[in-house]
There are 2 protein chains.
Amino acid sequence: MPDLIHDGDSAAAVSSLRSAVMLLGRRLKHQRVDESLSPTEMSVLGTLARCGSATPGELARKEHVQPPSMTRIVALLEAKGLVRLEPHPDDRRQKMVSRTEQAEAMLAESRDKRNAWLANLAEGLDEDEWDTLRAAAPVLEKLAHL
Amino acid sequence: MPDLIHDGDSAAAVSSLRSAVMLLGRRLKHQRVDESLSPTEMSVLGTLARCGSATPGELARKEHVQPPSMTRIVALLEAKGLVRLEPHPDDRRQKMVSRTEQAEAMLAESRDKRNAWLANLAEGLDEDEWDTLRAAAPVLEKLAHL
DNA sequence: CGCTGGTATTTAGCATTGCTAATGAGTTAC
DNA sequence: GTAACTCATTAGCAATGCTAAATACCAGCG
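Everything numeric here is computed off the predicted structure, so don't read it as measured data.

Considering the protein's contact with DNA strand D
Here is step 1 of the chain: What surrounds DNA strand D is a group of 21 residues, the closest being Thr 40, Ser 69 and Arg 72 of chain A together with Arg 93 and Lys 95 of chain B.
Here is step 2 of the chain: Backbone sugar and phosphate groups make up 60% of those atoms of DNA strand D lying within 4 Å of the protein.
Here is step 3 of the chain: Within the backbone of Gln 66 of chain A, one N or O atom sits 3.0 Å away from a phosphate oxygen of DNA strand D.
Here is step 4 of the chain: Pro 56 of chain B places a polar main-chain atom, nitrogen or oxygen, 3.5 Å from a phosphate oxygen of DNA strand D.
Here is step 5 of the chain: Looking at the surface near DNA strand D, the elements with two or more residues in it are α4 (67-79) of chain A together with α3 (56-62) and α4 (67-79) of chain B.
Here is step 6 of the chain: For the surface near DNA strand D, the element with the most residues is α4 of chain A, which contributes 4 residues.
Here is step 7 of the chain: Here the surface near DNA strand D is composed, by residue class, of 6 nonpolar, 9 polar and 6 charged.

Details of the nonpolar core
Here is step 1 of the chain: Counting residues in each nonpolar core, the largest one holds 45 residues, and the members touching the most others are Leu 133, Leu 140 and Leu 143 of chain A together with Leu 133, Leu 140 and Leu 143 of chain B.
Here is step 2 of the chain: For this core, the secondary structure elements donating two or more residues are α1 (8-29), α5 (101-122) and α6 (127-145) of chain A together with α1 (8-29), α5 (101-122) and α6 (127-145) of chain B.
Here is step 3 of the chain: The element contributing the most residues to this core is α1 of chain B, with 9 residues.
Here is step 4 of the chain: If we ignore the near neighbours within four places in the chain, the residues touching Leu 140 of chain A are Leu 17, Ala 20, Val 21, Leu 24, Leu 133 and Leu 140 of chain B.

So, how was this worked out
- Residues numbered from 1 in each chain as written.
- Chains lettered and ligands numbered in written order.
- Predicted model: local features only at pLDDT ≥ 70, side-chain atom pairs only at ≥ 80, totals over all residues.
- Heavy atoms only, no water.
- Near = heavy atom within 4 Å.
- Polar contact = N/O pair within 3.5 Å; in protein donor to acceptor, adjacent residues only side chain to side chain.
- Helix = DSSP H or I, 4+ residues; strand = E, 2+ residues; numbered from the N terminus.
- Nonpolar A, V, L, I, M, F, W, Y, C, P; charged D, E, K, R; others polar.
- Core = buried A, V, L, I, M, F, W, Y, C linked by side-chain atoms within 4.5 Å.
- Buried < 20%, exposed > 50% of the residue type's maximum accessible area, 1.4 Å probe, protein only.
- Contact = heavy atoms within 4.5 Å.

This is the structure in structure tokens:
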């Protein structure tokens, strides 16, 4: 396999990419639609939006959080009316957690807010730069999921 | 000014960019060289690396943290031998905080580790994809600093 | 069936890290 | 020279993560 990324130029690109992604990620994280939800709670709702529904244990693994922490997060989300808890069909030890319509609306609003913030920021780029980013977006997405 | 980013394609690109950056940022954040340092402590050291030295108040503003929190962070960093405290030349209320050589080494190691992690991830891309990212890196960096 | 071991969740208690309010020292403007 | 302001700190609180232990349940084997 050709060792694509170990020349000097590419090392610089990796470093530049790293710092840009970290900084932009931090700034995006601060754009929150609901101050009463912690980042982890938001993240759990996002996961539920992707997966439909899951047990607390599954959620804990996906969010890299310990099961007891997830228990509390789910309890808080339920108290806020953002998730529903139902008995697991096959195993009475487990529960099924799923999001409510209210959560759905909040997630959409949140995505929209962050997209708008980023789009607004991108107004500061010229046309060529924006073309470059548009081409890079799917690649970056692939990279993030590798 | 031409409204570059409000067509459908660009909206999709913004959304894709947003989610990729957030996910990649989260994953990068987990690549820590020293588990005993919190992300904020690392960030303070990074700021000191960029700025040379600063007062606790300046650091608090830059890190978007309240002054009392910065007092504790600086105290912890000092206890770990990563920063030095000196009296302010002009104002005896203030102190000057600067990093030690040990902090410098740690920062370099941390950058290297995250770069290596990202470079390793990028091995999963093909040549064209990597070219695209290399072109996008400086643009992304500009965007992050806008 | 009944026991033994394993898994899912929860409870209890603790550590970390942020905050606000109040204090003390030092500076600045009138 | 004093009143008002600023900087750093102390004290105490809230949020959010963790580990260890408890509870409830499932699965397999005699």
